[in-house]
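Now for the letters of each chain:
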Amino acid sequence: MQQINGLYILDDTLSRIDFATVQAWLTTAYWCKGIAREPIERAARGSALAMGAYLEEKQVGYLRVISDKTTFGYFSDIFVDEAHRGRGLARAMVRFALEHPEFQGFRRWALTTKDAQSVYAALGFKALKDPVRWMERVPK
Ligand SMILES: CC(C)(COP(=O)(O)OP(=O)(O)OC[C@H]1O[C@@H](n2cnc3c(N)ncnc32)[C@H](O)[C@@H]1OP(=O)(O)O)[C@@H](O)C(=O)NCCC(=O)NCCS
């Protein structure tokens with residue numbers, strides 16, 4: 001657990017996550033529009049880290065990390081409640097994961113974003129140096 005701005009708490013306790021709230025957010029997100037609660041919970045359980053930002057008991061942020069906890073980590077489903085944006089919460093959650101003791105010594109961290117590059121650039125993320133090496137398969 002970590003306190004941010006003397007107001008918010010960052011916590012990676014899975015059982016604390018308010019999945020009703022997270023579903024209400026993610027179902028509006030451009031990368032998983034319409035997603036139901038069950039796959040959100042399954043994805044959180046299958047992730048190396050699923051965490052929240054909290055204002056007292058209210059969840060105001062969410063993020064998860066897909067990882068082997070040895071070489072590679074992928075950030076996914078980063079979301080901050082609209083009323084709490086612009087206060088450094090997304091960056092604080094990403095930093096919390098980057099500094100997490102189980103995620104040290106990685107060769108690479110990755111994420112994809114449509115328009116929030118500047119959130120992550122301040123934490124050392126850059127556009128792919130060698131994009132031809134990267135491939136993806138998107139099932140129909
Ligand atoms: C993107 C998002 C997570 C940022 O959360 P946040 O807590 O407001 O971000 P922070 O306060 O940590 O970062 C603020 C900085 O990022 C910039 N920023 C925030 N959201 C941005 C966006 N969508 N696009 C570009 N820059 C953005 C701010 O201008 C600010 O920059 P500054 O420090 O130079 O002034 C939040 O807007 C959100 O949940 N959006 C909807 C879901 C989404 O798009 N998630 C990201 C998927 S990769």
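Owing to the predicted nature of the structure, the values given are computational and were not obtained by experimental measurement.

> So what exactly am I meant to see when it comes to the overall build of the protein chain here?
Scanning the protein chain from terminus to terminus reveals 4 helices and 6 strands. Helices and strands in the protein chain line up, N terminus first, as β-β-α-α-β-β-β-α-β-α. The C-alpha atoms of the protein chain give a radius of gyration of 15 Å, which matches the 14 Å a tight globule of 140 residues would have. Considered along the principal axes of its C-alpha atoms, the protein chain spans approximately 45 × 35 × 25 Å. Scored against the burial criterion, the 140 residues of the protein chain give a buried share of 36%. Sequence separation of 24 or more characterises 56% of the internal contacts of the protein chain that already satisfy a separation of 6 or more. Roughly 8,800 Å² of accessible area belongs to the protein chain as shown, and the carbon and sulfur atoms make up 51% of that amount. The average position of the 20 basic charges and that of the 16 acidic charges among the side chains of the protein chain differ by 7 Å.

> Quick question: what am I supposed to make of the side chain of S47 here?
Along the chain, S47 falls in the loop between helix 2 (37–45) and strand 3 (49–55). Overall, the relative accessible area of 12% leaves S47 in the buried class. Every residue in contact with S47, bar those within four places of it in the chain, is listed here: R64, V65 and I66.

Cut-offs used in this document
Residues numbered from 1 in each chain as written. Predicted model: local features only at pLDDT ≥ 70, side-chain atom pairs only at ≥ 80, totals over all residues. Heavy atoms only, no water. Helix = DSSP H or I, 4+ residues; strand = E, 2+ residues; numbered from the N terminus. Rg over C-alpha atoms; globule rule 2.2 N^0.38 Å. Buried < 20%, exposed > 50% of the residue type's maximum accessible area, 1.4 Å probe, protein only. Contact = heavy atoms within 4.5 Å. Areas by Shrake-Rupley, 256 points an atom, 1.4 Å probe, with all protein chains shown as cover. Lys, Arg positive; Asp, Glu negative; His and termini not counted. Charge placed at Lys NZ, Arg CZ, Asp CG, Glu CD.

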